[in-house]
Amino acid sequence: MKISSKKIALYGVLSALMFLFLLVETYVFTAFLGAFTPAILTLPLAVAISIYSGKKGMWAGGTIFGCCSFFLAIIIANPVFINPLVSILPRILIGVIAYLVYLAVKLIFKNNKKGFLSETLPLGIAGVFGILTNTVCTIFMMFLFKATGIEAVLATVMSINFVAEVVGAIILVPIYVKVFNKIDK
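All of these numbers come straight from a predicted model, not from anything done at the bench. (Residues numbered from 1 in each chain as written. Predicted model: local features only at pLDDT ≥ 70, side-chain atom pairs only at ≥ 80, totals over all residues. Heavy atoms only, no water.)

Draft legend 1. Quick look at the overall build of the chain. On a plain count of helices and strands, the chain comes out with seven helices and zero strands. In the chain, the succession of helices and strands from N to C terminus is α-α-α-α-α-α-α. Burial analysis of the chain (185 residues in total) assigns 45% to the buried set. Considering only contacts in the chain between residues 6 or more positions apart, those separated by 24 or more positions represent 69%. For the chain, the exposed surface amounts to about 9,500 Å²; the carbon and sulfur share of it is 77%. (Helix = DSSP H or I, 4+ residues; strand = E, 2+ residues; numbered from the N terminus. Buried < 20%, exposed > 50% of the residue type's maximum accessible area, 1.4 Å probe, protein only. Contact = heavy atoms within 4.5 Å. Areas by Shrake-Rupley, 256 points an atom, 1.4 Å probe, with all protein chains shown as cover.)

Draft legend 2. Structural context of helix α3 (residues 60-76). When the terminal C-alpha atoms of α3 are compared, their 24 Å separation across 17 residues agrees well with the 24 Å that a helix rising 1.5 Å per residue should span. With 12 of 17 residues buried, α3 is to be regarded as a mostly interior element. Within the span of α3, buried status applies to A60, G61, G62, T63, I64, F65, G66, C68, S69, F70, L72 and A73. (Expected span 1.5 Å × (residues − 1).)

Draft legend 3. The arrangement of helix α2 (residues 42-57) in detail. Across its 16 residues, α2 extends only 17 Å between first and last C-alpha, which sits more than 12% below the 22 Å expected from 1.5 Å per residue. The sharpest bend along α2 measures roughly 55° and falls at I51. (Bend = angle between axes of the 7 residues up to and from the residue.)

Draft legend 4. The arrangement of the nonpolar core in detail. Counting residues in each nonpolar core, the largest one holds 35 residues, and the members touching the most others are M18, L45, I49, I51, F65 and F180. Elements with a minimum of two residues in this core: α1 (5-33), α2, α3, α5 (89-108), α6 (115-144) and α7 (151-184). At eight residues, the largest contribution of residues to this core is made by α2. The contacts of F65, once residues within four sequence positions are left out, are M18, L22, A39, T42, L43, A46, R91, I94 and N134. Counting residues in hydrophobic clusters, the runner-up holds six residues, among them V80, F81, V86 and M141. (Core = buried A, V, L, I, M, F, W, Y, C linked by side-chain atoms within 4.5 Å.)

Draft legend 5. Geometry of a nonpolar patch on the surface. A cluster of nonpolar side chains, contributed by V163, V167, I170, I171, I175, V179 and I183, occupies part of the molecular surface with about 610 Å² of accessible area. Relative to the assigned elements, I171 resides in helix α7. (Patch = residues over 30% accessible without salt bridge, like charges linked within 9 Å, V, L, I, M, F, W, Y side chains within 5 Å. Salt bridge = Lys/Arg side-chain N within 4 Å of Asp/Glu carboxyl O.)

Draft legend 6. Representation of the packing of α5 against α6. Taken N-terminus to C-terminus, the directions of α5 and α6 make an angle of 150°; their axes are 7 Å apart at the nearest point. Here α5 is positioned roughly antiparallel relative to α6, judged by the angle of their axes. At the point where α5 passes α6, the crossing takes the right-handed sense. For the contact of α5 with α6, the residue count by class is 16 nonpolar, five polar and three charged. (Axes fitted to C-alpha atoms, helices over the stretch in contact; angles between N-to-C directions. Parallel < 35°, antiparallel > 145°, perpendicular 65-115°, else oblique. Left-handed = near helix turned anticlockwise from the far one by under 90°. Nonpolar A, V, L, I, M, F, W, Y, C, P; charged D, E, K, R; others polar.)

Draft legend 7. Region of interest: the packing of α3 against α5. Interhelical geometry of α3 versus α5 gives an angle of 150° and a closest axis separation of 7 Å. Put simply, α3 runs roughly antiparallel to α5. You can see that α3 and α5 cross each other, and the crossing is right-handed. Note on element contacts: α5 touches α3 through R91, I92 and I94, opposite G62, T63, F65, G66 and S69.

Draft legend 8. Representation of the confidence of the model for the chain in the model. Of all residues in the chain, 90% attain a pLDDT of 70 or more, and the chain-wide mean is 83. When pLDDT is averaged over each helix and strand of the chain, the minimum, 79, is found for α7 and the maximum, 92, for α5. (pLDDT = per-residue confidence, 0-100.)

Draft legend 9. Highlighting the pattern of salt bridges. All told, the structure shown has one salt bridge when counted by the stated rule. Across the pair K106 and E119 runs a salt bridge whose closest N-O atoms are separated by 2.7 Å. Here the residue K106 occupies a position in helix α5, and E119 occupies one in helix α6, the gap between them amounting to 13 residues.

Draft legend 10. Region of the structure containing the side chain of S87. In this structure, S87 sits in helix α4 (residues 84-87). The buried category is assigned to S87, whose relative accessible area is 0%. Here F81 takes part through its backbone oxygen, which lies 3.0 Å from a polar atom of the side chain of S87. Dropping the residues within four chain positions of it, S87 is found in contact with G66, S69, F70 and F81. (Polar contact = N/O pair within 3.5 Å; in protein donor to acceptor, adjacent residues only side chain to side chain.)

Rendered as structure tokens:
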């Protein structure tokens, strides 16, 4: 797969932005909300990167998010996400699933000429499926590797986070993709 230097530069900037968002979410939300640390900025960004990247790069957003999560886990010594099978592997699927859902919903509304039904709604629904993929796959991997002894508490926190992340995805994924498209032009 050939990739342009413009795309490489964009992925580099987006990776830095993703890491910054992850730092903010980790420290700011933890300071104010305790264990409740939803990824309301990073997950929609991961989904948007994957949708924007298209068929050849649909794995990119989730992979960037997983790598940033892994490196942050090393920095802050988070024993759960230091395992790359927990922090990276499930997140590769975020963009793949979101992109495929985006294409399917776009196909359903292909005859509709209104911008909301033909573009914004598919992006929002894809964002929801990307968040769902992240939550289910990450919790599954945590259980599989017995990452913590408090699985029930973790699952509760993750489900609370899920609601906030879904709302963030519905709002932010269409905005991020539109910004990326404007930058591209």
